[in-house]
Amino acid sequence: DARVTQTPRHKVTEMGQEVTMRCQPILGHNTVFWYRQTMMQGLELLAYFRNRAPLDDSGMPKDRFSAEMPDATLATLKIQPSEPRDSAVYFCASGPGPFGGQYFGPGTRLLVL
Amino acid sequence: SQQGEEDPQALSIQEGENATMNCSYKTSINNLQWYRQNSGRGLVHLILIRSNEREKHSGRLRVTLDTSKKSSSLLITASRAADTASYFCATFEMGNQFYFGTGTSLTVIP
């Protein structure tokens, strides 16, 4: 049963620290998405990749956030420096094609103190 | 930002009843998708309907799409307690933009 995996599942850090979240998409999926979910803003698309190339990162605060896909089995989302307003659940999702359904990982719950 | 908006925001029904939730969006789309999210979990893809389709079925789910009204509805028939979750519509725009709606929280009372 193929699944998207995310690490860590939970992260508590102090303001100003760097946070790195990792995602392993389902093997064979060529599209990877990063989302952030909060009660206030709901589910926001931060960035997405197709065949490891970034297609859209307009939803991401670029001064502190960066997203990369070093290879087809790993996507990373970094926040440096982190701020309390970054506290949220961050989801990674992958899909077999550009317009199809997405398979979500379990999320990383981030708390920045 | 979100393009889709679900209605109602919250819905509570008895087990066995049907649940209907609606989604409205603003621009032209390639397709519209519905997802379910159980508390504290990731989203699960339920069904995808393309812009040239009007209705689609999957098990107890029925989705309709009216592109002239820019709206979609999700019907869950013969609801079960296990259907309790939040339901989101998501639209894939022609310009490769992807948006999730605000969600409908469904509670099915046993």
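Everything discussed here concerns the structure shown above.
Residues numbered from 1 in each chain as written. Chains lettered and ligands numbered in written order. Predicted model: local features only at pLDDT ≥ 70, side-chain atom pairs only at ≥ 80, totals over all residues. Heavy atoms only, no water.

A. Structural context of the interface of chain A and chain B. Tallying the contact residues gives 20 residues for chain A and 18 residues for chain B. Put simply, chain A and chain B have three residue pairs in polar contact (both at pLDDT 80 or more) between them. Secondary-structure elements contributing two or more residues to the side of chain A that touches chain B are β4 (31–38) and β5 (42–50) of chain A. The element contributing the most residues to the side of chain A that touches chain B is β5 of chain A, with five residues. (Contact = heavy atoms within 4.5 Å. Polar contact = N/O pair within 3.5 Å; in protein donor to acceptor, adjacent residues only side chain to side chain. Helix = DSSP H or I, 4+ residues; strand = E, 2+ residues; numbered from the N terminus.)

B. Seen up close, the state of the cysteines. All names here are of chain A. One pass over the structure, following the stated rule, counts two disulfides over all chains. Sulfur-sulfur distance for the disulfide between cysteine 23 and cysteine 92 comes to 1.9 Å. Here the disulfide of cysteine 23 and cysteine 92 is left-handed, its torsion about the S-S bond being about -60°. Of this pair, cysteine 23 sits in strand β3 (residues 19–24) while cysteine 92 sits in strand β9 (residues 88–95), and the two are 69 residues apart along the sequence. Using a relative accessible area of 1% as the deciding quantity, one classes cysteine 23 as buried. Using a relative accessible area of 0% as the deciding quantity, one classes cysteine 92 as buried. (Disulfide = S-S within 2.5 Å. Buried < 20%, exposed > 50% of the residue type's maximum accessible area, 1.4 Å probe, protein only.)

C. Quick peek at the sheet that holds strand β8 (residues 74–79) of chain A. All names here are of chain A. Taken together, four strands build an open sheet; the order of strands is β1-β3-β8-β7 and the sheet is antiparallel. Each edge of the open sheet carries a strand with a single partner, namely β1 (5–7) and β7 (65–71). On average, each strand axis in the sheet is tilted by 20° relative to the strand beside it, whichever way the strands run. Relative to β8, β3 is paired through five bridges, and the arrangement is antiparallel. (Pairing = 2+ DSSP bridges. Axes fitted to C-alpha atoms, helices over the stretch in contact; angles between N-to-C directions.)

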